[in-house]
Amino acid sequence: MIYNLLLCLGDSLTFGARDRYMRNYPLELAKELSELTSEEWYCITEAVNGITSSEVARTAYSIVSKYPDVYGVILLIGTNDSRNKFPVDMYIDNVKQIIRVCRICRKKVYLLSIPPFFYHRHFLWYDKQARLLIDEYNAKLSEIENVTFIDLHKHIEENDLIDGVHFTHEANIKIAKFLAKSLLTT
């Protein structure tokens, strides 16, 4: 039997906030990869609701280094940066610092674009300016070299978000299926 581990770093989108079964895309991804490959997969979730890229960058080494058997890291971070109006260059530097840690720890990096959110449906924090920042963040993320960039943004629609920001259970499954195909073809 072949066993495979991935580490999924992120915020509430990775954590699975608001999924009615308290699941997340990492759990669904492990299930999907296991079914597609007939191998045993598990995706470790290291995610905190409300966390920003700055907070992940500060703790990245202590998180990534405690998983020596993980061969790859999936990074989805930035939604909270946009609502806090972090400048694009600061956000990108944070992401690059996280990627650097992953490389130092000899992990392959899968960098996900930030999905859209629909601020007219969410009554807290998020606004048009935050949505525009996400577009700017994603443009810069796609330019980062020596990572596998996976554009999640264009695969998320308004009905995939339970509150305009967080994934529904069905969206977590949809994301897992998309990611499994992407991971297995890169």
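Residues numbered from 1 in each chain as written. Predicted model: local features only at pLDDT ≥ 70, side-chain atom pairs only at ≥ 80, totals over all residues. Heavy atoms only, no water.

The chain carries the name SGNH hydrolase-type esterase domain-containing protein in an unreviewed UniProt entry, which gives Anabaena azotica FACHB-119 as its organism.

K.L.:
What is the right way to look at unusual backbone geometry in this model?
P.N.:
Note: most residues except glycine have negative phi, and most peptide bonds are trans. Here the phi dihedral of Met-22 falls at roughly 60°; this positive angle occurs in a residue that is not glycine. Along the chain, Met-22 falls in the loop between α1 (12–15) and α2 (25–37). Backbone geometry at Arg-106 places phi at a positive 60°, although glycine is not the residue there. Assignment of secondary structure puts Arg-106 in the loop between α5 (88–104) and β4 (108–112). (Helix = DSSP H or I, 4+ residues; strand = E, 2+ residues; numbered from the N terminus.)

K.L.:
When you look at the pattern of salt bridges in this model, what are you seeing that I'm missing?
P.N.:
Oppositely charged side chains can form a pair if their charged atoms are brought close together. Taken as a whole and assessed by the stated rule, the structure comprises 7 salt bridges. Here Asp-163 and Arg-18 are joined by a salt bridge, their closest N and O atoms 2.1 Å apart. Here the residue Asp-163 occupies a position in the loop between β5 (148–150) and α7 (169–184), and Arg-18 occupies one in the loop between α1 and α2, the gap between them amounting to 145 residues. By relative accessible area, which is 11% here, Asp-163 ends up buried. Asp-160 serves as the salt-bridge partner of Lys-174, at 2.7 Å between the closest nitrogen and oxygen. Highlighted residues: Lys-174 in helix α7 and Asp-160 in the loop between β5 and α7, separated in sequence by 14 residues. For Lys-174, a relative accessible area of 30% gives the class partly exposed. For Asp-160, a relative accessible area of 8% gives the class buried. (Salt bridge = Lys/Arg side-chain N within 4 Å of Asp/Glu carboxyl O. Buried < 20%, exposed > 50% of the residue type's maximum accessible area, 1.4 Å probe, protein only.)

K.L.:
Would you explain the packing of α2 against α7 in this entry?
P.N.:
Relative orientation and spacing of two packed helices are given, respectively, by the angle between their axes and the distance between those axes. Between α2 and α7, the least distance of the axes is 8 Å, while the angle of their chain directions is 50°. What the angle tells us is that α2 and α7 run oblique. Relative to α7, α2 is oriented so that their crossing is right-handed. Listed contacts from α7 to Tyr-25, Glu-28, Leu-29, Glu-32, Leu-33, Leu-36 and Thr-37 of α2 are His-169, Asn-172, Ile-173, Ile-175, Ala-176, Lys-177, Leu-179, Ala-180, Leu-183 and Leu-184. For the contact of α2 with α7, the class distribution of residues is 11 nonpolar, 3 polar and 3 charged. (Axes fitted to C-alpha atoms, helices over the stretch in contact; angles between N-to-C directions. Parallel < 35°, antiparallel > 145°, perpendicular 65-115°, else oblique. Left-handed = near helix turned anticlockwise from the far one by under 90°. Contact = heavy atoms within 4.5 Å. Nonpolar A, V, L, I, M, F, W, Y, C, P; charged D, E, K, R; others polar.)

K.L.:
I keep staring at the sheet that holds β4 and nothing clicks. Help me out?
P.N.:
Strand pairing in a sheet is mediated by backbone hydrogen bonds. Such pairs are either parallel or antiparallel. An order of β2-β1-β3-β4-β5 is seen for the 5 strands of this open sheet, with the pairing classed as parallel. Edge positions in the sheet fall to β2 (40–47) and β5, since each of these pairs with one other strand and no more. In this sheet, adjacent strand axes meet at a mean angle of 20° when their direction is disregarded. Pairing of strand β1 (residues 3–10) with β2, which is carried by 8 bridges, proceeds in the parallel orientation. When the bridges of β2 are listed, Gly-10 appears paired with Ala-47. Set on the sheet, helix α3 (residues 53–64) makes contact with β1 and β2; between it and β1 the angle comes to about 160°. (Pairing = 2+ DSSP bridges.)

K.L.:
How should empty space enclosed by the protein be read in this particular structure?
P.N.:
In this approach the atoms are scanned with a rolling probe the size of a water molecule, which exposes any empty space left behind. Throughout the structure, instances matching the rule amount to 1 cavity of 30 Å³ or more. Computed from the structure, the largest cavity encloses a volume of approximately 30 Å³. Around the largest cavity sit Leu-13, Thr-79, Pro-115, Pro-116, Phe-117, Leu-161, Val-165 and Phe-167, which together line it. Here the residues of the lining of the largest cavity are counted per class, giving 7 nonpolar, 1 polar and no charged. (1 Å grid on protein atoms, 1.4 Å probe; cavity = no way out; pocket = protein on both sides within 12 Å on 5 of 7 lines; lining within 4 Å. Points joined across faces, edges and corners; volume = space filled by probe spheres on them.)

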